Amino acid sequence: MSDTRRRVKVYTLNEDRQWDDRGTGHVSSTFVERLKGISLLVRAESDGSLLLESKISPNTAYQKQQDTLIVWSEADNYDLALSFQEKAGCDEIWEKICQVQGKDPALDITQDPIDESEEERFEEIPETSHLVELPPCELSRLEEIADLVTSVLSSPIRREKLALALMSEGYIKKLLGLFRVCEDLDNREGLHHLYEIVRGVLFLNKAALFEVMFSDDCIMDVVGCLEYDPALVQPKRHREFLTKTAKFKEVIPITDSELRQKIHQTYRVQYIQDIILPTPSVFEENFLSTLTSFIFFNKVEIVSMLQEDEKFLTEVFAQLTDDATEDSKRRELGMDDLQVRAAATDIFSYLVEFSPSMVREFVMQEPQQTDDDVLLINVVIKQMICDSDPELGGAVQLMGLLRTLIDPENMLASTNKTEKTEFLSFFYKYCMHVLTAPLLANTAHDKNSKDLQEGSTKINPVCPGALRFMRRIIGLKDEYYNRYIIKGNLFEPVINALLDNGTRYNLLNSAIIELFEFIKVEDIKSLIAHIVDNFYKALESIEYVQTFKGLKGRYEQEKDRQSQRLNRYRRDARSLDEDEELWFNDDDEDDDGEAVEKSRMEDDFSDSYGKYMEAKKGAANGANGANNNGKAAAIPAASPVVTPNNSPTSSVKSVALPATPVVKTALVGLVDYPDDEDEEEEDEEEEEQSPRKRPRLSS
């Protein structure tokens, strides 16, 4: 397994159209009996586990990109990629794929991806229309070329045909030659047509075209074409920015010319995607997926080339640790400086994007070497919390990186079966208190607060951040969290906030009402029981929405269901005795000849029936116990009520239930729901004003 030619990284495309690293291993092609065909196998270099097992299908479209990539789709919305360390290994596997499919290895794609509906329509068109004939590449035909490129974007078949035509005739370089002519002549109409053409060619989403367009001798002309957007009064000056404003600064000289070229290309292509091209519409959002992949794998290649450079990283760390390094030089490597911090964030984002598992492995080793305060994850959290940018640009970027690192779905069980358990345990032990500190500080109880009047039971006033957090937790519908909420009596400050809000119909009011409405609609039984048992008396007067009446209705329905279930196993003792007596007296009128036999039968039955009744009563008791346990789970005992002196009372406080029917009022609040009418008894002829909310929840 030491052969580096077959060393690959496995990637899958996620729902956000980003590539996820699935691990590093060695690829082989072999016959798999279970799959009945030649398959690609990738085994992890760490433990030999199987990272990939994919049968080479005769009808799958495989693409070779950038000499070291093979990309294909296994099913709808499931794209795979192999990134080879060496070109020779990529060529070997590519030849095997082409051999199985009977294709020429000189091609960069083995199939034209055609969906069935498109293929059926295409069969009805005469054969001659299969070809896309390009107009002559002349100034007078630019409008015709632009119309052609724009018209094919809605058809996968025609996009494929046009891409092949553009590649086979060297058409791209001819178009860019016309761009230089139009710019010399200041031919604005022609330049506007060239903008539409180049933009449309990018939307063809073909890696082979990108290789030409983003080459050193073409990319600046491509950028130039994209400056002349017809929607703009004056063209943008993107080329001036890339050539004069943007400077390539080498902290450590890069001697590898191929690496330098790759860095320049990646920066410019990223600039095209992020700055020049407009935000794609819903129709266009998948047109640039290959461009995203092109940039991503360029970055992978850059990192790999830096790792393989024996001198570069050694020199970087030598200068960082050398006390003689001047501040002006060190500033480029690391200081408490806004620009340096932004650069460090970018570097960290590339590392997380390249291999989140590698970053997790590193941070889990840190507690053995350093204090909690300087752990990498804690530094990231603090930078996120303390971002000085009013628009929070850096905080948003760091938040995305942190989410990637702690997302359990992004942790690979196949390469490291303990990664999820170990990293999450590490995070909760060393980092969670840092992440939650601002939230806890913002909601902490201030004993000296003037807002708290003597005798008030209001604790931990709810801020909008804490309310959103609680809503997200309840939205998980996880009973583990629900039990924690019940145990901590965490609804009390929420309800206090609702009551203290008074008659104001504002965002806080709507958010709290929506929280309880969600609990009602989703029928979260444990929370419904807790709310009704402990807080309904304080909430029953709120009638401008029917949410709380609906919660009470759900609660009563569940109680009825539990009662009916119990009654199924319960029989009256007297009725049992009457049934037994009737049974025994049923045959009293039989003749005397059967008396002896009957006596024997009664004796036998007496023993059997006694055993049967004992077993039945035991089953009924067991059912009652089980049902009571189920009821306890669904309707837990109320948590101790907190009194002003913070001593829990020994009994559950009683709740008075309303005796009058609910009357629909004419006043409508910010939150109302169409299903409220189904849960209430209404009298449409009666109207009354909404009663005021209770001032505060009392103990």
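All figures in this text were calculated on a predicted structure; none of them were measured in a lab.

**Regarding the overall build of the protein chain**
When helices and strands are tallied, the protein chain shows 27 helices and seven strands. Sorting the 699 residues of the protein chain into buried and exposed places 39% on the buried side. The contacts of the protein chain with a sequence gap of at least 6 include a subset with a gap of at least 24, amounting to 63%. Put simply, the protein chain shows about 40400 Å² of open surface, and 50% of that area lies on carbon and sulfur atoms.

**Structural notes on the side chain of Asp-79**
Mapped onto the fold, Asp-79 is located in strand S7 (residues 78-84). For Asp-79, a relative accessible area of 16% translates into the label buried. Polar side-chain contacts of Asp-79 include one of 2.6 Å to the side chain of Ser-73. Setting aside residues no more than four positions away along its own chain, Asp-79 makes contact with Tyr-11, Thr-12, Leu-13, Arg-17, Trp-19, Trp-72 and Ser-73.

**Observations concerning the pattern of salt bridges**
Scanning the entire structure with this criterion turns up 24 salt bridges. For Arg-34, the salt bridge goes to Glu-53, with nearest N and O atoms at 2.0 Å. Here Arg-34, found in the loop between strand S2 (19-32) and strand S3 (37-44), pairs with Glu-53, found in strand S4 (residues 50-55); they are 19 residues apart in sequence, far enough to count as distant. Across the pair Arg-141 and Glu-144 runs a salt bridge, and its minimum N-O distance is 2.7 Å. The exposure class assigned to Arg-141 is partly exposed, which follows from its relative accessible area of 26%. Three or more residues are tied together by salt bridges with common partners; here these are Arg-5, Arg-6 and Glu-92.

**Considering the packing of aromatic side chains**
Following the criterion strictly, the structure yields 16 aromatic pairs and no others. Considering the side-chain rings of Trp-19 and Phe-297, the 5.4 Å spacing of their centres and the 55° angle between planes classify their relative orientation as tilted. Taken as a pair, Trp-19 in strand S2 and Phe-297 in helix H11 (residues 289-308) lie far apart in primary sequence, 278 residues in all. Assessed through its relative accessible area of 6%, Trp-19 is described here as buried.

**As for the packing of helix H9 (residues 238-245) against helix H10 (residues 257-276)**
At their nearest, the axes of H9 and H10 sit 12 Å apart, and the two run at 140° to each other. On the basis of the axis angle, H9 is oblique to H10. For the element pair H9 and H10, the recorded crossing hand is right-handed. Every residue of H10 that contacts H9 at His-238, Phe-241 and Leu-242 is listed here: Tyr-267, Arg-268, Tyr-271, Ile-275 and Ile-276.

**Observations concerning the state of the cysteines**
Scanning the model with the defined rule gives zero disulfides in all. No disulfide involves Cys-137; its sulfur sits 9.9 Å from the nearest other cysteine sulfur, which is in Cys-182. Assessed through its relative accessible area of 21%, Cys-137 is described here as partly exposed.

**Some words on the side chain of Thr-68**
Of note, Thr-68 is situated in the loop between strand S5 (63-65) and strand S6 (69-75). Owing to a relative accessible area of 14%, Thr-68 belongs among the buried residues under this scheme. Setting aside its immediate chain neighbours within four residues, Thr-68 contacts Leu-82, Ser-83, Phe-84, Glu-86, Lys-87 and Cys-90.

**Description of the nonpolar core**
In a soluble, globular protein the nonpolar side chains are often hidden away together inside. In terms of nonpolar packing, the biggest core is built from 51 residues, with Leu-162, Leu-166, Ile-197, Leu-204, Phe-214, Leu-226 and Ile-272 touching the most fellow members. Looking at this core, the elements with two or more residues in it are helix H3 (142-151), helix H4 (156-168), helix H5 (171-185), helix H6 (188-203), helix H7 (207-213), helix H8 (219-225), H10 and H11. With eight residues, H6 is the largest single contributor of residues to this core. Not counting the four nearest positions on each side in its chain, Leu-162 is found in contact with Val-132, Leu-134, Leu-148, Val-149, Val-152 and Leu-204. Of all hydrophobic cores here, the second largest spans 34 residues; its members include Leu-498, Ile-512, Ala-529 and Tyr-536.

**Considering the pairing of S7**
Two faces, one strand: in a regular strand the side chains alternate between the faces of the sheet. Burial of S7 is extensive: six of the seven residues sit out of reach of the surface. The sheet contact formed by strand S1 (residues 7-13) and S7 spans five bridges and is antiparallel. Within the sheet, the bridge partner assigned to Lys-9 lies in S7 and is Ser-83.

**Considering a nonpolar patch on the surface**
On the surface, a cluster of nonpolar side chains totalling about 250 Å² of accessible area is made up of Leu-139, Val-181 and Leu-185. Take Leu-139: it is sitting in the loop between helix H2 (116-123) and H3.

**So, the confidence of the model for the protein chain**
Atom-level detail of predicted coordinates should not be read off regions where pLDDT is low. On average, residues of the protein chain score 74 in pLDDT, and 70% of them reach the 70 mark or higher. The least confident element of the protein chain is H2, whose mean pLDDT is 42; the most confident is H8, at 95. Here residues 113-129 scores under 50 on pLDDT; set against residues more than four positions off or in separate chains, the count is ten contacts. The model gives residues 622-699 a pLDDT under 50, and that stretch makes 136 contacts with residues more than four places away or in other chains.

Cut-offs applied
- Residues numbered from 1 in each chain as written.
- Predicted model: local features only at pLDDT ≥ 70, side-chain atom pairs only at ≥ 80, totals over all residues.
- Heavy atoms only, no water.
- Helix = DSSP H or I, 4+ residues; strand = E, 2+ residues; numbered from the N terminus.
- Buried < 20%, exposed > 50% of the residue type's maximum accessible area, 1.4 Å probe, protein only.
- Contact = heavy atoms within 4.5 Å.
- Areas by Shrake-Rupley, 256 points an atom, 1.4 Å probe, with all protein chains shown as cover.
- Polar contact = N/O pair within 3.5 Å; in protein donor to acceptor, adjacent residues only side chain to side chain.
- Salt bridge = Lys/Arg side-chain N within 4 Å of Asp/Glu carboxyl O.
- Phe/Tyr/Trp six-rings, centres within 6.5 Å; stacked < 30°, edge-to-face > 60°.
- Axes fitted to C-alpha atoms, helices over the stretch in contact; angles between N-to-C directions.
- Parallel < 35°, antiparallel > 145°, perpendicular 65-115°, else oblique.
- Left-handed = near helix turned anticlockwise from the far one by under 90°.
- Disulfide = S-S within 2.5 Å.
- Core = buried A, V, L, I, M, F, W, Y, C linked by side-chain atoms within 4.5 Å.
- Pairing = 2+ DSSP bridges.
- Patch = residues over 30% accessible without salt bridge, like charges linked within 9 Å, V, L, I, M, F, W, Y side chains within 5 Å.
- pLDDT = per-residue confidence, 0-100.

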